[in-house]
Amino acid sequence: MSRWSRPWSRRAFLAAGSGTAAVLGLGTTWALTTPDEFPALRARWRTLILGEGFDPAAEPFRSRLADLGGTAGRYLATMAPAAGSLWPDLVYADPEPDQDEVSYACSSRLNSSYARLSTLAQAYCQPGTGLTGAPRVRDALLTGLGHLHDDVYHAGQAPYGNWYNWQIGIPQALLDLCVLLYDALPATRRAGFLAAVDHFVPDSVVAGYTGNSTGANRVDLCRVLALRGVVGADAGKVALARDALSPVFRYVTSGDGLYADGSFIQHRSVPYTGSYGAVLLGGLGLLFALLAGSGWEVTDPGRQHVFDAVEGAWAPFVYNGLVMDGVSGRAISRGRAADARLGQDDHTRGHAVLASIVLLGQGAGPAENARWRGLVKGWMERDRSSPPLADPTLSVPHLARLKGVRDDASVPAVPEPTGHRLFPCMARATHRRPGWAASLSMADRRISHYETGDGENLRGWHTGAGMLYWWGATFGGDQYGDAFWPTVDPYRLPGTTVSRKVLADGAGGDWGAVRPDVHWVGGATDGQWAAAGQYLKGFQSSLRAKKSWFFLDDAVVCLGAGITCADGTAVETTVDNRNLGAAGDAPFTADGTVVPGGAPWSRTLTGAGWAHLGGHGGYVFPGGATVRALREARDGSWSLIDKGGSTAVLTRTYQTLYLDHGTDPVDAAYAYVLLPGATAQATRARAADSGWLGVLANSDRLQGVSVPSAGFTGVNFWFGGTAGALTASDPCCVVVREKADGTAVIVVSDPMRMRTGLTVTWRRAVTAVTSAPATLVSSATGAELTLTFGDLSGTAGAGQRVTVGLGRPLRARTGSGTP
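Residues numbered from 1 in each chain as written. Predicted model: local features only at pLDDT ≥ 70, side-chain atom pairs only at ≥ 80, totals over all residues. Heavy atoms only, no water.

(A) Up close: the packing of helix H3 (residues 61-78) against helix H4 (residues 101-125). Orientation of H3 relative to H4, taken along the N-to-C sense of each, is 125 degrees, at an axis distance of 9 Å. Compared by their axis directions, H3 and H4 come out oblique. Note that H3 runs across H4; the crossing there is left-handed. Contact residues: H3 offers Leu68, Gly69, Thr71, Ala72, Tyr75 and Leu76, while H4 offers Arg116, Thr119, Leu120, Gln122 and Ala123. Taken together, the residues of the contact of H3 with H4 sort by class into 6 nonpolar, 4 polar and 1 charged. (Axes fitted to C-alpha atoms, helices over the stretch in contact; angles between N-to-C directions. Helix = DSSP H or I, 4+ residues; strand = E, 2+ residues; numbered from the N terminus. Parallel < 35°, antiparallel > 145°, perpendicular 65-115°, else oblique. Left-handed = near helix turned anticlockwise from the far one by under 90°. Contact = heavy atoms within 4.5 Å. Nonpolar A, V, L, I, M, F, W, Y, C, P; charged D, E, K, R; others polar.)

Written as structure tokens, this is what we have:
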């Protein structure tokens, strides 16, 4: 057991602080009985940000530390203090300080200046960098810190640009530097630095849980206040930071924070589990570890919600080491730069989540900690596209935590689970089956179409228009991480229905400003299979459509109807748009005919029944469809979608399948089946099996399917009505799964969150209702089942699960095909 995972007594805490100080060469020790806990807290924070338990002479640390030293050496050689800058390429002086784009850039360069000093301090304190303990590095750090303080970051200075830099980014780096250089800093200098932090981050920033002081930002602010207290020996500051964390632990029902269904929102309307949520997770892990066993230990019982969220909120969006882009907001545009340590993708974001889970586990219960370490080990082993221990963006402490898990023979790797998770509070869903996983992104009156801001994610307009991401267990791991976002056609994101109306970069405004005025977005699941639906209103478009997805064992059935638009432009539904990498040589087959390789090429597949993309999967078009197939090499750069991104031109080849609904369509429709990982033979067989799938309805009033061989029926009732054996009195989603043991599960949800009464009828012999939620007010069994629900408006779109006994088991009714 790690020393951080045991409960800490006050005496043990102080003893550890004393011992750590000696080991790390701070030059000071304290008696075990000293009442002053601050030296111990400084020593522990030093350990948390430098790492422990690793061999600097062994890989991956040896190379990482050498690289750190090289980078620090370049910073050391180019530092040139001058009015308005510390480095010539990071001029932070703002000629007209305000909140415009220029001011944002200047404040960002000031933040980057402190970040470079932090890199220098890491190289000074870490072993094996070539600069370890070098007096010239220490002197440069003192000079640089003094210059930035005297020139701009001091009490009395008015902030400009992005508030984040002044209240979070800069003070976090500054306080870390104060800890690392504590004995080298003159007391007067340290006092000036703390006065600056007090000026820019007063206690009032956590007076209310509102504005910028929510969710991940609140955790970051608490970290600043806690370290301000630790460095300045101010018990009140540390206590304030600890107490101000409590609102983060509570489930919210609107705005920023964690929701009971596992959703995580930041900026009021943006799903952010993979970015801001990861910051929250990592920040809490650090603060829990810092304060454990001290007089300010975090004991609020609400913190259990955070522990529960590891498996309820974060794990569903981690797949084989990556965190799904649909919950990373504008961070998807922060691509790899020439310096790989400065960029990120779905894997690098995922690796940080893994390391944060390991750290958080040290403060959780033994069973939780053991389970989470098994999850992390499994994700690490399966991330073949981007091995975590080779990730250049991971800090040394994170590397040490992950390597510790990998090398722990007592930890068994946990395999990827199977199942479906709906997150109605952020209009997202994830689906996992043996061999593949998928994720769905939608938008509604609570959730933004997309987020741009700070010059980032300038062309993410349609990511909330029903984008369907999918990955294979052994293929496609770099599908969205390999320069997808700067090179993909932003009007042809997989799964979306979109008007080709030209949109401006950053259209709609910053920080998730635009949300569609729609209520019916959500679905229902029995935990394995699911139905989901989106009433789509196009972004800055007259486009209207009803879109449904039915997530099955080896397939996703996709229906669209009521597709109507008057933009004067073409409207398309993108069946898929696979990133084939730089080579782009995957074979493509349509109805048994192989299209010659190479690019570019395009085909119109008239009456297409099925298609297959080698190494990826298959597509079936029930009843036939006219499908446009396109293979093209597309150029792009990160700077086109992120003003701070690299200008290097990248090229990737795409295989696109799309349905052209024409210009200004009226009541157009589509139906197709996605078969991830299927072979060409399996795809052909599925297309030929007319009894496997029944499309019960596909209109702007209701959409539904049945899979008789699996006893599955799913229907999205946009207005109520009848589809197959199901009838609903009002808008709702219904999923039915019959089982071979003579039982069935019916799940009903109110995606609109406004039903005060609802009746669902299933024309199937039912002997009894064996379990039901409190929202079910009455039921009638016999030749058919009638379920009458009361007020569903308070269920937040969650499914209401009813279990029944059947007159005949499923095996007496098995149809053709296999699920």
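(B) Broad picture of unusual backbone geometry. Residues glutamate 59 and proline 60 are joined by a peptide bond in cis, for which omega reads 5 degrees. Mapped onto the secondary structure, proline 60 falls in the loop between helix H2 (38-50) and H3. At arginine 268, a position not held by glycine, the phi torsion is positive, near 70 degrees. Considering the arrangement of structural elements, one finds arginine 268 in the loop between strand S2 (264-266) and strand S3 (270-271).

(C) Here's a closer look at the sheet that holds strand S6 (residues 419-423). The 4 strands lie next to each other as S6-S7-S8-S9, forming an open sheet whose pairing is antiparallel. Edge positions in the sheet fall to S6 and strand S9 (467-472), since each of these pairs with one other strand and no more. Taking the axes of each pair of neighbouring strands and ignoring which way they run, one obtains an average angle of 10 degrees across the sheet. The pairing of strand S7 (residues 428-433) with strand S8 (residues 436-441) spans 6 bridges and is classified as antiparallel. Paired with arginine 432 across the bridge in S8 is alanine 437. (Pairing = 2+ DSSP bridges.)

(D) Region of the structure containing the sheet that holds S3. Strands sit in the order S1-S2-S3 across an open sheet of 3 strands; the sheet is antiparallel. Whereas interior strands pair on both sides, the edge strands pair on one side only; in this sheet they are strand S1 (257-258) and S3.

(E) Region of the structure containing the pattern of salt bridges. Inspection of the entire model under this criterion finds 32 salt bridges. With a shortest N-O distance of 2.5 Å, arginine 446 and aspartate 444 are connected by a salt bridge. Both residues of the pair, arginine 446 and aspartate 444, belong to the buried class. Salt bridges linked by common partners bring Asp198, Asp203, Arg228 and Lys237 together as one network. (Salt bridge = Lys/Arg side-chain N within 4 Å of Asp/Glu carboxyl O. Buried < 20%, exposed > 50% of the residue type's maximum accessible area, 1.4 Å probe, protein only.)

(F) How the structure looks around H2. Between its first and last C-alpha atoms H2 spans 18 Å; for 13 residues at 1.5 Å apiece the expected length is 18 Å, and the two agree. The element H2 is largely enclosed, with a buried count of 13 among its 13 residues. Looking one or two residues beyond H2, the residue adopting positive phi is glycine 51, at roughly 95 degrees. (Expected span 1.5 Å × (residues − 1).)

(G) Fine view of the confidence of the model for the chain. The predicted model of the chain averages 93 in pLDDT, with 94% of residues at 70 or higher. Confidence drops under a pLDDT of 50 for residues 1-34, and excluding neighbours within four residues, the segment shows 60 contacts in the predicted structure. (pLDDT = per-residue confidence, 0-100.)

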